[in-house]
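Residues per chain, in single letters:
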2 protein chains.
Amino acid sequence: MNTREKILDTALRLFNKSGTAEISTNHIAEAAGISPGNLYYHFHNKQEIIRGLFQRLYAIWDAGFLLPQDRKPTLEDLNTLVKANYQIIWEYRFAYRELVALLRQDAELHAGFLAVRQREYDGFHKIFNDFVAADILVEPEDPAAVEELMEVCWLISEFWVTNLEVNGRNVDETEMQLGVKLMLRVLQPYLA
Amino acid sequence: MNTREKILDTALRLFNKSGTAEISTNHIAEAAGISPGNLYYHFHNKQEIIRGLFQRLYAIWDAGFLLPQDRKPTLEDLNTLVKANYQIIWEYRFAYRELVALLRQDAELHAGFLAVRQREYDGFHKIFNDFVAADILVEPEDPAAVEELMEVCWLISEFWVTNLEVNGRNVDETEMQLGVKLMLRVLQPYLA
DNA sequence: GTCTATATAATGATAGAC
DNA sequence: GTCTATCATTATATAGAC
């Protein structure tokens, strides 16, 4: 395997296990079975490793949020999309566990995050508009309602995994499905 | 001022500004205008300072979530309660920015957090049941609904400030009120 | 690309005087 | 309670050989 990728894989594993503050470049090098000098040949510093992992995360998000192009989306598509998002967040959980802290101290990271999440948010937006167009979702009287309901669903999509961790719950298929269930509960009064 | 309190005040300020990983005990001592040795007289190590701040946070939560005892609660009470929660989270924002990471590496901290939040959650529970009893909230057909709606509202209460920070928004009165608005949007179909 | 060896700085933490 | 002085350890990062 590519040494650069091996470093990133190892860092992801250790960061997920113990957090970015606790894991030094020496730890990563040792666990990857390479020398510290070699690690610094591939990455200038620890922050660049973190950036490399975020780049991976961004690429996965951009690849994994494709909506069906040939037909109108269904509630099942929403379910699939959100659960895929939970899986990705769980795979890169170190990033979400320290998200605000990591983004605050690296403007480039933050800019990338905002851009990627805006793309996903736009896809989310589209799916909700399609729901209204397909009469899955009944257009509420208040025109601000769809927007706000979507925002609540987005919040559940972004923070459900974190919420599970904060409350010391398992992060498994069952618990993730519960997040989707809450989302559907929010939409339920507006479903045709 | 009490030296111990001065250390905690200074640590809170620096942690909020730069994060717990970036701030050393030496930084705290210097900013507090005392010697490193003196800091270690009052706290055995950095983790104890973090614990001290969490203890403060827990005390504030326990003191600030009093529901009216003499009358039935109103939607205005919910508004007040949630905004007070946002203020507290903002005041101790370092804790929420790194919440999962900090709780994961300190079992005592986590146990305390779960206990305090459970008490607030119970209060949240009570207010929702009171809403139903007072016919503010119409009992939905599905008996699981009230519980799930409440859980969504709790999620908004816990993560709205984090969401603002992640998205690079200001954390001010206007934006906080938006979080409450989303909560009311979720409840709107069930309001009498 | 990869290694060993090493420089430099910072960190957490303690001892002992006042 | 508070200070100064100090230590052992660790972290980041680089130089130079292979």
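In case you missed it, the structure is sitting above this.
Notes on the structure follow. Predicted model only: the values in this text are computed from it and were never measured. (Residues numbered from 1 in each chain as written. Chains lettered and ligands numbered in written order. Predicted model: local features only at pLDDT ≥ 70, side-chain atom pairs only at ≥ 80, totals over all residues. Heavy atoms only, no water.)

1. Here we look at the overall build of chain A
A tally of helices and strands in chain A yields 10 helices and zero strands. The principal-axis extents of the C-alpha atoms in chain A amount to approximately 65 × 35 × 30 Å. For chain A, buried positions account for 52% of its 192 residues. In chain A, of all internal contacts separated by at least 6 residues, the share reaching a separation of at least 24 is 73%. Only carbon and sulfur atoms are counted for the fraction: they give 51% of the accessible area of chain A, which is about 8,600 Å². (Helix = DSSP H or I, 4+ residues; strand = E, 2+ residues; numbered from the N terminus. Buried < 20%, exposed > 50% of the residue type's maximum accessible area, 1.4 Å probe, protein only. Contact = heavy atoms within 4.5 Å. Areas by Shrake-Rupley, 256 points an atom, 1.4 Å probe, with all protein chains shown as cover.)

2. Examining the interface of chain B and chain A
With 40 residues of chain B in contact, the opposing surface of chain A contributes 40 residues. Put simply, chain B and chain A have six salt bridges between them. Note that R185 of chain A is salt-bridged to D142 of chain B, the shortest N-O span being 2.8 Å. The interface formed by chain B and chain A holds 12 residue pairs in polar contact (both at pLDDT 80 or more) in total. Looking at the side of chain B that touches chain A, the elements that each hand over two or more residues are α1 (3-18), α7 (99-104), α8 (107-133), α9 (144-166) and α10 (173-187) of chain B. The leading source of residues in the side of chain B that touches chain A is α9 of chain B, at 14 residues. Each residue belonging to the side of chain B that touches chain A can be placed in one class, and the counts come to 20 nonpolar, nine polar and 11 charged. (Salt bridge = Lys/Arg side-chain N within 4 Å of Asp/Glu carboxyl O. Polar contact = N/O pair within 3.5 Å; in protein donor to acceptor, adjacent residues only side chain to side chain. Nonpolar A, V, L, I, M, F, W, Y, C, P; charged D, E, K, R; others polar.)

3. Structural notes on the protein's contact with DNA strand C
As a matter of local geometry, DNA strand C sits amid 14 residues, with T3, S35 and H42 of chain A together with Y40 and N45 of chain B nearest to it. In DNA strand C, atoms within 4 Å of the protein come from the sugar-phosphate backbone in 74% of cases. Between DNA strand C and the protein, one listed contact pairs a phosphate oxygen with a backbone N or O atom of S35 of chain A at 2.8 Å. Contacts to DNA strand C include N38 of chain A, whose side-chain N or O atom sits 3.0 Å from a sugar or linking oxygen. Elements supplying a minimum of two residues to the surface near DNA strand C: α3 (36-42) of chain A together with α2 (25-32) and α3 (36-42) of chain B. Looking at the surface near DNA strand C element by element, the count peaks at four residues for α3 of chain A. Taken together, the residues that form the surface near DNA strand C break down as three nonpolar, 10 polar and one charged. (Near = heavy atom within 4 Å.)

4. Quick look at the relation of the copies chain B and chain A
Overlaying chain B on chain A yields an RMSD of 0.0 Å, the required transformation being a rotation through 180° with an accompanying axial translation of 0.0 Å. As the rotation angle and translation indicate, the two copies are arranged about a two-fold axis. Scanning chain B for the C-alpha nearest the rotation axis identifies E98 of chain B, at a separation of 2.5 Å. By residue overlap, the copies meet face to face through one surface: 100% of the interface positions of chain B are interface positions in chain A. (Least-squares fit on C-alpha atoms with pLDDT ≥ 70 in both.)

5. Regarding the protein's contact with DNA strand D
Of all residues adjacent to DNA strand D, which total 16 residues, the nearest are T25, Y40 and N45 of chain A together with T3 and H42 of chain B. The contact atoms of DNA strand D, taken as those within 4 Å of the protein, divide so that sugar and phosphate hold 71%. Residue T25 of chain A places a side-chain N or O atom 2.9 Å away from a phosphate oxygen belonging to DNA strand D. Within the side chain of T3 of chain B, a nitrogen or oxygen atom sits 2.9 Å from a phosphate oxygen of DNA strand D. Secondary-structure elements contributing two or more residues to the surface near DNA strand D are α2 (25-32) and α3 of chain A together with α3 of chain B.

6. Quick notes on the side chain of D130 of chain A
Relative to the helices and strands, D130 of chain A is located in helix α8 (residues 107-133). Leave out the neighbours within four places in its chain, and D130 of chain A touches K72 and P73 of chain A.

7. Here's the deal with the nonpolar core
One finds F54, W61 and I156 of chain A together with F54, W61 and I156 of chain B to be the most contacted residues of the largest nonpolar core, which totals 134 residues. Beyond its immediate chain neighbours, meaning those up to four positions away, F54 of chain A contacts F94, A95, L99, L102, L103 and L109 of chain A. (Core = buried A, V, L, I, M, F, W, Y, C linked by side-chain atoms within 4.5 Å.)

8. Here's the deal with the side chain of E120 of chain B
Residues and elements named next belong to chain B. Structurally, the position occupied by E120 is in helix α8. Among buried Asp, Glu, Lys and Arg side chains, E120 stands out as unpaired, with R117 the closest opposite charge at 4.5 Å. Residues in contact with E120, not counting those within four places in the same chain, are W61, D62, F65 and W154. (Lys, Arg positive; Asp, Glu negative; His and termini not counted.)

9. Details of the packing of aromatic side chains
Considering all chains together, one arrives at 19 aromatic pairs over all chains under this definition. Centroid distance F54 of chain A to Y58 of chain A: 5.9 Å. Interplanar angle 70°. Geometry classified as edge-to-face. With F54 of chain A and Y58 of chain A both in helix α4 (residues 46-64) and four residues apart, the pair spans about one turn of that helix. Like F54 of chain A, the residue Y58 of chain A is buried in the burial classification. The interplanar angle of 75° and the centroid separation of 6.2 Å between the aromatic rings of W61 of chain B and Y96 of chain B together place this pair among those described as edge-to-face. Placement of W61 of chain B in helix α4 (residues 46-64) and of Y96 of chain B in helix α6 (residues 93-97) is noted, with a sequence separation of 35 residues between them. Owing to a relative accessible area of 0%, W61 of chain B belongs among the buried residues under this scheme. Over the aromatic face of W61 of chain A sits the side chain of R117 of chain A, whose NZ or CZ is 3.8 Å from the ring centroid. (Phe/Tyr/Trp six-rings, centres within 6.5 Å; stacked < 30°, edge-to-face > 60°. Lys NZ or Arg CZ within 6 Å of the ring centre and 35° of its normal.)

10. Regarding the packing of helix α9 (residues 144-166) of chain A against α9 of chain B
At a closest axis distance of 9 Å, the pairing of α9 of chain A and α9 of chain B adopts a crossing angle of 95°. Viewed along their axes, α9 of chain A and α9 of chain B adopt a mutual orientation that is roughly perpendicular. Only E151, V152, L155, I156, F159, W160, T162, N163 and V166 of chain B of α9 of chain B make contact with α9 of chain A, whose side of the interface consists of E151, V152, L155, I156, F159, W160, T162, N163 and V166 of chain A. (Axes fitted to C-alpha atoms, helices over the stretch in contact; angles between N-to-C directions. Parallel < 35°, antiparallel > 145°, perpendicular 65-115°, else oblique.)

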